[in-house]
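Summary of structural features
Here is what each chain is made of, one letter per residue.
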Amino acid sequence: MRTLYKFHGGVHPPGNKTPSTQQPISAAPLPAKLIVPFRQHAGEAAKPVVQVGDHVLKGQLIGEPVGFVSSAVHAPTSGTITVIDMQPVAHPSGLPDLCATLIPDGKDEWFLREASDYRTLPAEELRHRLRMAGIVGLGGAVFPSDIKLRPLRNHPNKEIGTLILNGAECEPWITCDDMLMRERAAGIVQGAEMLRSMLEAKEVLIGIEDNKPEAIAAMHRAVADGGLPFEVVTVPTVYPGGGAKQLIRVLTGLEVPSGKLPTDIGVQCFNVATVYSAWRAIAHGEPLVSRVVTVTGNVRRPGNYEALIGTPLSELIALGEPLPDTDSHIMGGPMMGMPLPSTSVPLVKASNCIIAAAKKLFPAPPPALPCIRCTRCAQVCPAELQPMDLFWFAQSKNFGQAQAFSLFDCIECGACSYVCPSHIPLVQYFRFAKSEIRMREQDKLAADRARERHEYREFRIEREKREKAERLAAKEKAAQAAKPVEPPAVAINPDATPETTAQMKIQAAIEHAKEQAAAIKPKNTENLSAEQLAEIAEIEARRARMREMAKSDVEPPKE
Amino acid sequence: MLSALLVMSIIAIALGAVLGYSAIKFRVEGNPLADKIDAILPQTQCGQCGYPGCRPYADAIANGEADINLCPPGGEEGIKKLADLLGVEFKPFGSGAEPKPKAVAFIDENTCIGCTLCLQACPVDAIVGAAKQMHTIIASECTGCELCLPPCPVDCISMESIGENLENWKWRYPVYALQPANTVGRESA
Ligand code: SF4
Ligand code: SF4
Ligand code: SF4
Ligand code: SF4
């Protein structure tokens, strides 16, 4: 039995997971229209590679990755791309983003699927395939997985000792990973072995919270069936035990230092759903075109659905049969999720759960009161921060201090807001401060670039001036040196300064061009009928007249 | 008595010499205060402050010749930072010097006659083109200074406001007071 460690803080919100685990994952019906955003991953948005009107097959690339941190986007089913434009997406801003609208043809016909054995492929090729299959972290961060699988050359810690599979799923209401582990444990375990071989990790730990006994049993079975030396570890249920840093701490006792990545301490962590889709991508050649999503909350039939990326959320919510008093919707869990601007937005790779919310389930928070410095937030903060101080700095826009107090170590888990007796929306202040700081850093970079360019331009102008002056001086000198040698009588043109010769040359060139122009006759006027010739003459005459008129128009001085 | 005076004056002369020497030897190139001020200024290089660029304005502030509230692109934030740095009171903008929303220049490429006049006006070389060739703007480098607008003889340059998109969107400052409780989350998000 492995010794487990504890991370600091944590809370125990009611789980509410049972209702949505009563029925197996079912496939959501094919919607009438799919809206596929090109930005579904962290980093640069994908670049569209299809045009309006194109017929695409299921799994065909429609957006290719641009830049290092980016991923691909695929057609979720076969059909026709009817529009590529800005559509509302699931983003806290409610702003639209570039999406492709696909009208399915109902055949659900796959594009070429190349199944392969990962053991026969080099890691480099596997990474490329994962990138082109659009595999990103399905736990919610949607960070491209291929980047997390890079070899650690030029790195102080040159190898990954431990690969962790994150099946903790600590957030209340969400059960998609739970159901996936129950039903598709074999694929997850095989995927884990594939990732392990890519990373050359020594051990694999699968962390699952103890509120999912069925999933734990299923994973145990799959590991035993596969004959693999993986360890399925039951971890205590505490929010946010599924945070990467927290799970690493619980399983290994290692602390990821502030501002560092897990790889810096020789650990890498993947969500179980990500591992499963990576396995599908390589072993079955299926890019990420669907995901399991929990539909729960104020609905009659909560459950998990395997839905195509791009399915309008309203159709998924309808599958759960929402109760009439549903008044809003949350994407993600109640702790870290976000209110949806509208239910017409499409399902994206990051959508793990959709909660129909009603007042009786999620009562509106009472108005915020001043902070009484009770330090309860600091007691529960898993990142061991001082949220009340961070709040103070964020509220007064004292961003420098907020950063000095490790604002960027905050994982936005919401545990502090959850316990705050004054109901202060602490996380919102932290998000505000973080995005403000990020923006400022960007502005600063832009300003530095502008300064550099401006200084270079001044330098260039200065240099051009100097060079011109030098050239002139040199010419003058040469002219003066040349004069006494050259007997005036021999000179063709006695006052030929370099400038006038240049002008003469230009004049000569212009004349030559004119001669040439005159010599060339219109090519298509040879065998024309008399009628046509007369017409041409008439047109020429008209043109001449107009030229005359234009000239006389210009001549009178304007006042 | 005399020897004491002598010793003191020798010490004074020696220290004076050291100070004088180090003043020459360790002389700081440029003006460090102006550098700090320049680091705060937005580098739009628009000249709205009345100086031919950010650096000259920074020099003028450092020399006490200019006020701190003359740079509209820097916004009130900029004034606050300058006030902090210089230890003076915050001053609001004077009339007519309000900051504008961020924008980049856009050249209507069908109208451009390739006169190169805008090219010469751009302080950050954000316009590419050559004589009689269509010109275009490198949007990522354009600071939005508007200096290229007046020289264009065919008025083909316009300023396009950048607006809010998913790349530059920021979380709002949470506002809670005096709002119906059920819209709180949405309004502030
Ligand atoms: S829990 Fe709330 S009231 Fe208590 S110290 Fe933290 S922010 Fe202040
Ligand atoms: S939201 Fe941030 S500050 Fe609050 S408990 Fe979580 S990690 Fe700590
Ligand atoms: S007004 Fe323009 S030129 Fe002057 S400091 Fe501000 S950005 Fe620079
Ligand atoms: S392109 Fe025009 S607006 Fe943009 S930086 Fe250059 S001169 Fe200023």
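Quantities reported herein were computed from a predicted structural model and do not represent experimental measurements.

Here is what the cut-offs are and how they apply
- Residues numbered from 1 in each chain as written.
- Chains lettered and ligands numbered in written order.
- Predicted model: local features only at pLDDT ≥ 70, side-chain atom pairs only at ≥ 80, totals over all residues.
- Heavy atoms only, no water.
- Phe/Tyr/Trp six-rings, centres within 6.5 Å; stacked < 30°, edge-to-face > 60°.
- Helix = DSSP H or I, 4+ residues; strand = E, 2+ residues; numbered from the N terminus.
- Buried < 20%, exposed > 50% of the residue type's maximum accessible area, 1.4 Å probe, protein only.
- pLDDT = per-residue confidence, 0-100.
- Contact = heavy atoms within 4.5 Å.
- Near = heavy atom within 4 Å.
- Nonpolar A, V, L, I, M, F, W, Y, C, P; charged D, E, K, R; others polar.
- Expected span 1.5 Å × (residues − 1).
- Polar contact = N/O pair within 3.5 Å; in protein donor to acceptor, adjacent residues only side chain to side chain.
- Pairing = 2+ DSSP bridges.

For the coordinates displayed, the defined rule picks out 10 aromatic pairs over all chains. Between Trp-173 of chain A and Phe-362 of chain A the ring centres are 5.8 Å apart and the planes differ by 50°, which places this aromatic pair in the tilted class. One end of the pair, Trp-173 of chain A, is in the loop between β9 (162-167) and α3 (176-183); the other, Phe-362 of chain A, is in the loop between β17 (353-357) and α9 (376-380), and 189 residues separate them in sequence. Judged by its relative accessible area of 8%, Trp-173 of chain A falls in the buried class. Ring geometry for Phe-432 of chain A and Tyr-173 of chain B: centres 5.0 Å apart, planes at 85°, overall edge-to-face.

Time to look at the confidence of the model for chain A. Residues and elements named next belong to chain A. Summarising the model, chain A shows a mean pLDDT of 88, and 88% of its residues fall at 70 or more. Looking across chain A, the model is least confident in helix α14 (residues 498-519), with a mean pLDDT of 61, and most confident in strand β6 (residues 73-74), with 96. Low pLDDT (under 50) marks residues 487-492, which in the prediction has one contact with non-local residues, meaning those over four places away or in another chain. Segment residues 553-559: pLDDT under 50, and zero contacts once partners within four positions in sequence are set aside and those in other chains are kept.

The next point concerns the site of ligand 2. Residue and element names in this part refer to chain A. Every residue close to ligand 2 is listed here: Cys-381, Pro-382, Pro-387, Cys-410, Ile-411, Glu-412, Cys-413, Gly-414, Ala-415, Cys-416, Val-427 and Phe-430. The set of elements that each furnish at least two residues to the shell around ligand 2 consists of α12 (415-419) and α13 (426-485). In terms of residue class, the shell around ligand 2 is built from 10 nonpolar, one polar and one charged.

Here we come to helix α7 (residues 272-283) of chain A. All names here are of chain A. Helix length check: α7, at 12 residues, gives a terminal C-alpha distance of 16 Å against a target of 16 Å (1.5 Å per residue), a fit within 8%. Of all 12 residues in α7, 11 are buried, a share of seventy percent or more. Of all the positions in α7, only Val-272, Ala-273, Thr-274, Val-275, Tyr-276, Ser-277, Ala-278, Trp-279, Ala-281, Ile-282 and Ala-283 are classed as buried. If you follow the buried residues of α7, they end up packed against α1 (123-132), α2 (145-148), β9, α3, α4 (185-199) and β12 (267-271). The backbone nitrogen of Ala-273 has a side-chain oxygen 2.7 Å away, supplied by the residue at the start of α7, namely Asn-271. Gly-285 sits one or two residues past α7 and shows a positive phi near 65°.

Residue and element names in this part refer to chain B. With four of five residues buried, strand β1 (residues 103-107) is to be regarded as a mostly interior element. For β1 and strand β4 (residues 157-161), the ladder comprises five bridges, and the chain directions are antiparallel. Counted as the bridge partner of Ile-107 is Ile-157 from β4.

Turning next to the site of ligand 1. Around ligand 1, the neighbouring residues are Cys-371, Ile-372, Arg-373, Cys-374, Thr-375, Cys-377, Met-388, Cys-420, Pro-421, Ser-422 and Leu-426 of chain A. Partitioning the shell around ligand 1 into residue classes produces eight nonpolar, two polar and one charged.

Moving on, we get to the side chain of Lys-434 of chain A. Take Lys-434 of chain A: it is sitting in helix α13. With sequence-adjacent residues up to four places away left out, Lys-434 of chain A is seen in contact with Leu-407, Phe-408, Cys-410 and Glu-412 of chain A.

The next subject is the side chain of Gln-268 of chain A. Residue and element names in this part refer to chain A. Residue position: Gln-268 is located in strand β12. The class of Gln-268 is buried, set by a relative accessible area of 6%. The residues touching Gln-268, leaving out its near neighbours within four places in the chain, are Lys-148, Ile-160, Thr-162, Leu-163, Ile-164, Leu-199 and Thr-263.

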